[in-house]
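# Fold and contact review
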Amino acid sequence: MFGLEKPAGQQKAGRSGGFPKMACVGDFNVLSSSIPATKVELSVSCRNLLDRDTFSKSDPICVLYTQAIGNKEWREFGRTEVIDNTLNPDFVRKFIMDYFFEERENLRFDFYDVDSKSPNLSKHDFLGQMFCTLGEIVGSQGSRLEKTIVGIPGKKCGTVIVTAEELGCCRDSVLMQFCANKLDKKDFFGKSDPFLVFHRSNEDGSFTICHKTEVVKNTLNPVWQAFKISVRALCNGDYDRTIKVEVYDWDRDGSHDFIGEFTTSYRELSRGQSQFNVYEVINPKKKGKKKKYVNSGTVTLLSFLIETEVSFLDYIKGGTQINFTVAIDFTASNGNPSQPTSLHYMNPYQLNAYGMALKAVGEIIQDYDSDKMFPALGFGARLPPDGRVSHEFALNGNPQNPYCHGIDGVMEAYYRSLKSVQLYGPTNFAPVINHVARYAASVKDGSQYFVLLIITDGVISDMAQTKESIVNASKFPMSIIIVGVGPAEFDAMEELDGDVVRISSRGKFAERDIVQFVPFRDYIDRSGNHVLSMARLAKDVLAEIPEQFLSYMRVRGIKPSPAPPPYTPPVHVLQTQI
């Protein structure tokens, strides 16, 4: 890859991954940068939510769902933070989505009053919901959509405001620390409990919340902890955009008292600690009433440090190789391959469910593997000649060299295996995960990263062992993509994905999230023979790999190698006779 040889002794561990040159790349999803989508950030605020708490106000959370383009199932996309004691929340946590210009993306925002620490939404009070499309938000005036919340008959549930902003390509983060002096005293019995709220300005003059500091109790001269924020969140890369900072006195009942505010910009803040970064905190109401009003205290910037975030692509350019391994579920729960109802049906005229998923997903991932050689494994079948059950057999019949050339080679080996093995069971994922983990464990220097693609009907027999294997594998440079085929409930696969609750085994949690689950039926038409959106499938299959990859490198302190200089051909000097 890029003219670099694989280190000796690591040839068997997998194959190399060459990446095409890509355009402007942020730290999100660089794998899918060739796909025609733009990244947008959604900010959510509500006004006049239902009050479900008897002695205080609701503690709202917003949960976003997207609708699959195939079977129209709703899937959870993400959650905001919970804000205590308010009916008018401005959520700080944003939703970052891909906006596909040519596709209609249906969204559903559900609101709950959170009553406990349980991630299970049925344990909390439903406050209503709002339906819209991503295009509707982006296309509204100022990309700001305001709609009534519905879903509880006979009740006024309030309104939701969703604002979209296209994200820039700035990859810097800043580490900042602030302190304040002589803030106004707001509490009757004690001093104030101050915290700061940062907002960035929008084109229409409105403001979007982007950060809240912690509360420092009982002081008029607080020193807040240093915090890190991306420049994209703070000003979306526009250094002169107004940043408004509000100072509040925290109250337990959620009715925080406004102390005052000031404005600045990234450019001003970047001067660091100086006389330019001491700000007067002004309360406009007080200023209008009192002639002798000077200010409500001052806020001082103590430190400002810029950090450039490295991206997935920086590692790839520096020579890190991506190695894909494919594993296919050959268990009896898939149905007899001679029957049309089987997911492994050997239809001479068209691809079966596994063939379709393998071809569609395989064509996406093979672009990132320069020599296009994939180890391809099967699990859960009885093998000839003696009928022994295997949970990691080579599809090409050669355990010493399980590599197939390209996805077409994998497809050929898959169909050949179907004719020779007997579908059996149980469905054990752990052996193929451990197989790839053994290779990944031997290369921890950041020169290689391993991705296991498991295609399965989702009926799993060794859940406990699989969880243990995933927790163990989370220490190594590897990720797992599970593609579910067929109509089964995929609850177990969602649990392995670990997006809502980090996966654990025997009380030990995975070091990082390494599993991405994609239900293939979400992307195919009713007949099951046609992929509706290769672009969206590509995005969702590869969505989490860059962040999973970066989380491994960050935890291990591995920096990208410098990219080799571009090749320049030697210059032949022509000797001319005088």
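Basis of the calculations
- Residues numbered from 1 in each chain as written.
- Predicted model: local features only at pLDDT ≥ 70, side-chain atom pairs only at ≥ 80, totals over all residues.
- Heavy atoms only, no water.
- Helix = DSSP H or I, 4+ residues; strand = E, 2+ residues; numbered from the N terminus.
- Contact = heavy atoms within 4.5 Å.
- Areas by Shrake-Rupley, 256 points an atom, 1.4 Å probe, with all protein chains shown as cover.
- Lys, Arg positive; Asp, Glu negative; His and termini not counted.
- Charge placed at Lys NZ, Arg CZ, Asp CG, Glu CD.
- Phe/Tyr/Trp six-rings, centres within 6.5 Å; stacked < 30°, edge-to-face > 60°.
- Lys NZ or Arg CZ within 6 Å of the ring centre and 35° of its normal.
- UniProt positions renumbered as here; feature names shortened; annotations may be inferred.
- Pairing = 2+ DSSP bridges.
- Axes fitted to C-alpha atoms, helices over the stretch in contact; angles between N-to-C directions.
- Domains from an automatic or database assignment.
- Buried area = accessible area lost by both parts, 1.4 Å probe.
- Salt bridge = Lys/Arg side-chain N within 4 Å of Asp/Glu carboxyl O.
- Buried < 20%, exposed > 50% of the residue type's maximum accessible area, 1.4 Å probe, protein only.
- Polar contact = N/O pair within 3.5 Å; in protein donor to acceptor, adjacent residues only side chain to side chain.
- Core = buried A, V, L, I, M, F, W, Y, C linked by side-chain atoms within 4.5 Å.
- Parallel < 35°, antiparallel > 145°, perpendicular 65-115°, else oblique.
- Left-handed = near helix turned anticlockwise from the far one by under 90°.
- Nonpolar A, V, L, I, M, F, W, Y, C, P; charged D, E, K, R; others polar.

As a further point, take the overall build of the protein chain. Of regular secondary structure, the protein chain possesses 12 helices and 28 strands. Taking the principal axes of its C-alpha atoms as reference, the protein chain extends roughly 95 × 95 × 45 Å. In the protein chain, 71% of the contacts between residues at least 6 apart in sequence involve partners at least 24 apart. With the model as given, the accessible surface of the protein chain reaches about 27200 Å², and the carbon-plus-sulfur share is 52%. Both charge centroids of the protein chain, one from 65 positive and one from 69 negative side chains, sit 4 Å from each other.

The next subject is the packing of aromatic side chains. The full count for this structure, using the stated rule, is 19 aromatic pairs. Taken together, the aromatic side chains of Phe312, Tyr315, Tyr449 and Phe549 make up a single cluster linked through ring pairs. Looking at lysine 244, its charged tip hangs above the ring of phenylalanine 207, at a distance of 4.4 Å from the centre. The ring of tyrosine 424 carries the charged tip of arginine 382 above its face, separated from the ring centre by 4.5 Å.

It is worth spelling out the UniProt feature "domain: C2" (unreviewed entry) in the protein chain at this point. Taking the numbering used here, the UniProt-annotated feature "domain: C2" (unreviewed entry) corresponds to residues 16-147 and 156-279. In residues 156-279, the share of helix is 7% and the share of strand is 44%. The end C-alpha atoms are 42 Å apart.

Moving on, we come to the sheet that holds strand 6 (residues 125-133). By way of backbone hydrogen bonds, the strands of a sheet pair with one another, either parallel or antiparallel. Taking strand neighbours across the sheet as the criterion, the four strands line up as 3-2-5-6 in an open arrangement whose pairing is antiparallel. Of all the strands in the sheet, just strand 3 (74-79) and strand 6 have a single pairing partner and so form its edges. Within the sheet, the average angular offset between the axes of one strand and its neighbour, ignoring direction, is 25°.

For the protein chain, the assigned domains are domain 1 (38-167), domain 2 (172-308) and domain 3 (321-556). Summarising the inter-unit geometry, the C-alpha centres of domain 1 and domain 3 are found 33 Å apart. On the domain 3 side, the residues contacting the 13 residues of domain 1 number 13 residues. Taking both partners together, domain 1 and domain 3 bury about 1200 Å²; carbon and sulfur atoms supply 51% of that area. When the area that domain 1 buries against domain 3 is broken down by residue, the three leading residues are Ile69, Arg75 and Phe100, summing to 42%. One can count three salt bridges joining domain 1 with domain 3.

Once that is clear, we can look at the side chain of asparagine 428. You can see asparagine 428 is positioned in the loop between strand 23 (422-423) and helix 8 (430-441). Here asparagine 428 falls in the buried class, since its relative accessible area comes to 15%. Polar contacts involving the side chain of asparagine 428 include one to the side chain of histidine 391, which spans 3.5 Å.

The full count for this structure, using the stated rule, is 26 salt bridges. It is possible to trace a salt-bridge network through shared partners that takes in Glu73, Arg75, Glu494, Arg521 and Asp522.

Turning to the nonpolar core, a few remarks are in order. Phe330, Leu395, Val410, Phe520 and Leu537 are the most contacted members of the largest nonpolar core, which has 54 residues in total. Among the elements that take part in this core, helix 6 (residues 353-365) stands out by supplying eight residues, more than any other. Excluding residues that lie within four positions of it along the chain, leucine 395 makes contacts with Ile328, Phe330, Ala376, Leu377, Gly378, Val410, Ala413, Tyr414 and Ser417. In terms of nonpolar packing, the next biggest core, distinct from the first, is built from 30 residues, Val436, Val443, Phe450 and Ile460 among them.

Let us look at the environment of aspartate 408. Counting through the fold element by element, aspartate 408 comes out in helix 7 (residues 406-420). In sequence terms aspartate 408 and arginine 502 are 94 residues apart; their C-alpha atoms lie 36 Å from each other.

What follows concerns the environment of serine 417. With respect to the secondary-structure elements, serine 417 resides in helix 7. Expressed as a C-alpha distance, the spacing of serine 417 and leucine 395, which sit 22 residues apart in the sequence, is 5.9 Å. Discounting chain neighbours no more than four positions away, the residues touching serine 417 are Phe330, Phe393 and Leu395.

Judged by how many residues are buried, strand 10 (residues 194-201) sits mostly within the fold: eight of eight residues are covered. Where burial is concerned, the two faces of strand 10 agree: the one with Pro194, Leu196, Phe198 and Arg200 and the one with Phe195, Val197, His199 and Ser201 are both buried. Judged from the seven bridges that link them, strand 10 and strand 13 (residues 242-249) form a sheet pairing that is antiparallel. Bridged to valine 197 within strand 13 is glutamate 246. With five bridges connecting them, strand 10 and strand 11 (residues 207-212) associate as antiparallel partners. Bridge assignment links phenylalanine 198 to a residue of strand 11, and that residue is histidine 211. Hairpin connection from strand 10 to strand 11: five residues lie between these consecutive antiparallel strands, with glycine 205 at a positive phi of about 90°.

With that settled, the discussion passes to the sheet that holds strand 23. A sheet is described by the order of its strands in space; here three strands give the open sequence 20-19-23, paired in antiparallel fashion. Edge strands, defined here as strands with exactly one partner in the open sheet, are strand 20 (388-390) and strand 23. As judged from the three bridges shared by strand 19 (residues 381-383) and strand 20, these two strands associate in the antiparallel manner. Note that in strand 20 the partner of alanine 381 across the bridge is serine 390.

Burial runs high along strand 13: seven of the eight residues are buried. With eight bridges connecting them, strand 13 and strand 14 (residues 257-265) associate as antiparallel partners. Bridge pairing in strand 14 places lysine 244 opposite threonine 263.

Each pair of packed helices can be summarised by the angle the axes make with each other and by the distance between the axes. One can describe the packing of helix 6 onto helix 11 (residues 534-542) by two numbers: an axis separation of 10 Å at closest approach and a directional angle of 70°. Between helix 6 and helix 11, the angle is such that the two are roughly perpendicular. The crossing of helix 6 and helix 11 is right-handed. On helix 11, the residues that touch Ala360, Val361, Ile364 and Ile365 of helix 6 are Met534, Leu537, Ala538, Val541 and Leu542. Partitioning the contact of helix 6 with helix 11 into residue classes produces nine nonpolar, no polar and no charged.

It is worth spelling out the packing of helix 8 against helix 9 (residues 463-473) at this point. At a closest axis distance of 9 Å, the pairing of helix 8 and helix 9 adopts a crossing angle of 15°. Taken together, the axes of helix 8 and helix 9 lie roughly parallel to each other. Relative to helix 9, helix 8 is oriented so that their crossing is left-handed. Contacts between helix 8 and helix 9 involve Ala430, Ile433, Asn434 and Ala437 on the former and, on the latter, Gln465, Thr466, Ser469, Ile470 and Ala473. In the contact of helix 8 with helix 9, the residues fall into five nonpolar, four polar and no charged.

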